[in-house]
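Chain residues, written in single-letter form:
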Amino acid sequence: MFKKFKSIVALFMAVVLILGQNSYAFARAEVNALAPYQEKLIFLNNELDTDYVLSPTEDTTYDEMVTFYTNMSINEFEKYVRDAYAAYKAERWTSSFSDDKKTVDMSYRCVKCVSQNLIYATKYTVNMTFKAGAGDIHAIITV
């Protein structure tokens with residue numbers, strides 16, 4: 001009985017090892033798919049004095065981002081990065097009103113999006129105060 005139990009445990013461990021090695025190889029292949037693009041991006045960041053990172057944006061999943069970049073050649077990727085332009089996107093915001101309801105303080109947590117799946121690594125906080133008076137609204141912005 002003990003030998004049979006030992007055999008079952010050994011068989012189970014062999015199956016686990018085989019499956020573990022295959023999933024490791026699959027995960028490693030997926031990570032390495034973006035390696036040439038990451039290396040090129042490091043080179044371009046140094047040259048352009050930027051801080052870009054590859055990151056899924058909007059409704060893009062990680063797998064869609066991998067497909068997006070791997071469908072480009074390295075030369076097409078370089079042109080894509082060089083032609084990119086930045087825009088800010090608020091990830092979240094908070095607001096508070098003064099007691100007299102004449103001012104609103106808002107704080108935006110922003111990320112600088114360069115293009116699809118390419119963003120700046122740095123996050124920004126933009127604080128704004130809106131003041132109402134005499135029919136006008138004035139904004140005071142601090143970064």
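Keep in mind the model is a prediction, meaning the values are calculated, not measured.

**Details of the nonpolar core**
Counting 16 residues, the largest nonpolar core has Leu41, Tyr52, Leu54, Tyr69, Phe77, Val81 and Leu118 as its most contacted members. Listed by contribution, the elements that provide at least two residues to this core are helix H2 (35-48), strand S1 (52-54), helix H3 (62-70), helix H4 (74-82) and strand S4 (118-133). When near neighbours in sequence (up to four residues on either side) are disregarded, leucine 41 contacts Tyr52, Val53, Leu54, Phe77, Val81 and Leu118.

**Describing the confidence of the model for the protein**
Looking at the protein, the pLDDT average stands at 76 and 71% of residues meet or exceed 70. Put simply, helix H1 (residues 2-33) is where the protein has its lowest mean pLDDT, 53, and H4 is where it has its highest, 92. Note that pLDDT drops below 50 for residues 22-28; the model gives that stretch zero contacts with residues more than four away or on any other chain.

**Describing H2**
With 14 residues, H2 ought to run about 20 Å at 1.5 Å a step, and its terminal C-alpha atoms sit 20 Å apart, in line with that. Taken as a whole, H2 has its buried residues at Tyr37, Lys40, Leu41, Leu44 and Asn45. Buried residues along H2 cover an arc of 145° about the axis, so they all sit on one side. Seen from the buried face of H2, the exposed residues on the opposite side, beyond 90 degrees, are Glu39, Ile42 and Asn46. Positive backbone phi, approximately 55°, marks aspartate 49, located one or two places after H2.

What counts, and where the lines are drawn
- Residues numbered from 1 in each chain as written.
- Predicted model: local features only at pLDDT ≥ 70, side-chain atom pairs only at ≥ 80, totals over all residues.
- Heavy atoms only, no water.
- Core = buried A, V, L, I, M, F, W, Y, C linked by side-chain atoms within 4.5 Å.
- Buried < 20%, exposed > 50% of the residue type's maximum accessible area, 1.4 Å probe, protein only.
- Helix = DSSP H or I, 4+ residues; strand = E, 2+ residues; numbered from the N terminus.
- Contact = heavy atoms within 4.5 Å.
- pLDDT = per-residue confidence, 0-100.
- Expected span 1.5 Å × (residues − 1).
- Arc of directions from axis to C-beta.

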